[in-house]
Amino acid sequence: MVRDLGTLEGPVLLFGGPYSNLQALQALLDTARGLGVSKESMICTGDVVAYCGDPAGTVDLLMEAGVAVVAGNCEKQLAKDAPDCGCGFDAGSTCDLLSAGWYGFAGRRLVAKHRAWMAACPDVIRFRHHGGRYAVIHGGVSNIARFLWPVSEETAFREEWALVEALCGPVQHVIAGHCGLPFLRDTTKGRWINAGVIGMPPNDGSPDTRFAVLDKGEVDFRPLRYDVAAAVSDMVRAGLTQGYDLALDSGYWPSEEILPGSLRRGFSDSG
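## Structural notes on the sheet that holds strand β7 (residues 173–176)
If you walk across this open sheet you meet the six strands as β1-β5-β6-β7-β9-β8, and the pairing is mixed. Strands at the two margins of the open sheet, each flanked by one partner only, are β1 (2–7) and β8 (182–186). On average, adjacent strands in this sheet sit at an angle of 15° to one another, irrespective of strand direction. Across four bridges, the pairing between β7 and strand β9 (residues 191–195) is parallel. Paired with A176 across the bridge in β9 is N194. Running over the sheet, helix α6 (residues 154–168) touches β1, β5 (124–129), β6 (132–136), β7, β8 and β9 and is turned about 90° from β9.

## Considering the pairing of β8
Side-chain direction in a regular strand flips from residue to residue, so the side chains alternate between the two faces of the sheet. Burial along β8 is one-sided: F183 and R185 are buried, and none of P182, L184 and D186, which face the opposite way, are. In the sheet, β8 pairs with β9 via five bridges, with the strands oriented antiparallel. Following the sheet pairing, D186 is matched in β9 by R191. Linking β8 to β9, which pair antiparallel, is a turn of four residues; within it G190 sits at a positive phi near 150°.

## Observations concerning the sheet that holds strand β3 (residues 42–44)
On the basis of which strands lie adjacent, the open sheet formed by five strands has the order β4-β3-β2-β10-β11 and mixed pairing. The open sheet has two edge strands, β4 (68–69) and β11 (218–224), and neither has a second partner. Alignment of β3 against β4, held across two bridges, turns out to be parallel. Bridged to C44 within β4 is V69.

## Some thoughts on the packing of aromatic side chains
Taken as a whole, this structure holds nine aromatic pairs when the rule is applied. Ring geometry for F127 against Y134: centres 4.9 Å apart, planes inclined by 5°, an arrangement best described as stacked. In this pair, the class of F127 matches that of Y134, namely buried. One aromatic cluster is present, built from ring pairs that chain together Y19, Y51, W102, Y103 and Y244. Looking at R265, its charged tip hangs above the ring of Y252, at a distance of 4.0 Å from the centre.

## Side note on the state of the cysteines
Evaluation of the coordinates by the stated rule reveals one disulfide. Paired by a disulfide, C85 and C87 hold their sulfur atoms 2.3 Å apart. Of the two residues, C85 and C87, both sit in the buried class. Here C74 is not disulfide-linked; the sulfur of C87 is the nearest cysteine sulfur, at 4.5 Å. Looking at C74, the relative accessible area reads 1%, which means it is buried. Free of any disulfide, C121 has its nearest neighbouring cysteine sulfur in C44, separated by 8.4 Å. Overall, the relative accessible area of 6% leaves C121 in the buried class.

## With respect to α6
In this model, α6 (15 residues) spans 21 Å end to end at C-alpha, consistent with the 21 Å of a helix rising 1.5 Å per residue. Restricting attention to buried positions, one finds in α6 the residues E154, A156, F157, E160, W161, V164 and C168. The arc that holds every buried residue of α6, seen down its axis, measures 150°, which confines them to one face. Those residues of α6 that are buried lie in contact with β1, β5, β6, β7, β8 and β9. Where α6 terminates, the next one or two residues include G169, which has phi positive at roughly 85°.

## Section: the packing of helix α2 (residues 55–65) against helix α5 (residues 112–119)
Packing of α2 against α5 leaves a shortest axis separation of 11 Å and a crossing angle of 55°. With respect to each other, α2 and α5 are oriented oblique. In this structure, α2 crosses over α5, and the sense of that crossing is left-handed. The segment α2 lies against α5, with A56, V59, D60, L62 and M63 engaging K113, H114, W117 and M118. Here the contact of α2 with α5 is composed, by residue class, of six nonpolar, one polar and two charged.

Here is what the cut-offs are and how they apply
- Residues numbered from 1 in each chain as written.
- Predicted model: local features only at pLDDT ≥ 70, side-chain atom pairs only at ≥ 80, totals over all residues.
- Heavy atoms only, no water.
- Pairing = 2+ DSSP bridges.
- Helix = DSSP H or I, 4+ residues; strand = E, 2+ residues; numbered from the N terminus.
- Axes fitted to C-alpha atoms, helices over the stretch in contact; angles between N-to-C directions.
- Contact = heavy atoms within 4.5 Å.
- Buried < 20%, exposed > 50% of the residue type's maximum accessible area, 1.4 Å probe, protein only.
- Phe/Tyr/Trp six-rings, centres within 6.5 Å; stacked < 30°, edge-to-face > 60°.
- Lys NZ or Arg CZ within 6 Å of the ring centre and 35° of its normal.
- Disulfide = S-S within 2.5 Å.
- Expected span 1.5 Å × (residues − 1).
- Arc of directions from axis to C-beta.
- Parallel < 35°, antiparallel > 145°, perpendicular 65-115°, else oblique.
- Left-handed = near helix turned anticlockwise from the far one by under 90°.
- Nonpolar A, V, L, I, M, F, W, Y, C, P; charged D, E, K, R; others polar.

Listed below in structure tokens is the structure:
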């Protein structure tokens, strides 16, 4: 399903992965109000529910806010009460094992209205801004949980670009999420923009998370500061103390297995 938002004038606030982090979403909405950005000019790249401690509260707040949301793998799986998150983690990996805890918790907290809202989220959003045509997806079209990184091969971006255009026509810019890292990649087809996620730090040693502002065609990645202590407390109360609770404060993910080697801490390409 493709949703067309028409032409968006003025700044557009882009964000991904609230990840059941209610405090981060509250801070983002406050930030949007401070910037004068309306709900019509906010777009989420999916995975509203994941690692953190208040899945129902986070979905309720986003539903109330009326922000456009592309379906992530978590929305797809939770909407149909599937047995796992469909995140694309390697079987038996640390991320795969940890996902059983937070996904099961989220599934027990969500009710029918949440699942119905998730089921109605589009696969692709398109809009026009400052003379450009944009498409918004989650991970990839070939695989909703495909990880595309700033260091991924050019062919991967070209493959997904062709599939995006098959769904919604020619575009000059693609906005995506899923991988958890904010980046802008100039490809042979155009700009691939990942706005990052607001629910978990980008593995950089700071508790600040990320969002992006698109204004007059330019992309500005910005830090999001929020009540980390309260978010951690929610996770502790929920029994979600397998490592992601510590990541909110330390800024480092509990495992780097999913990352390409060149993006892991301590990597050196010398010698």
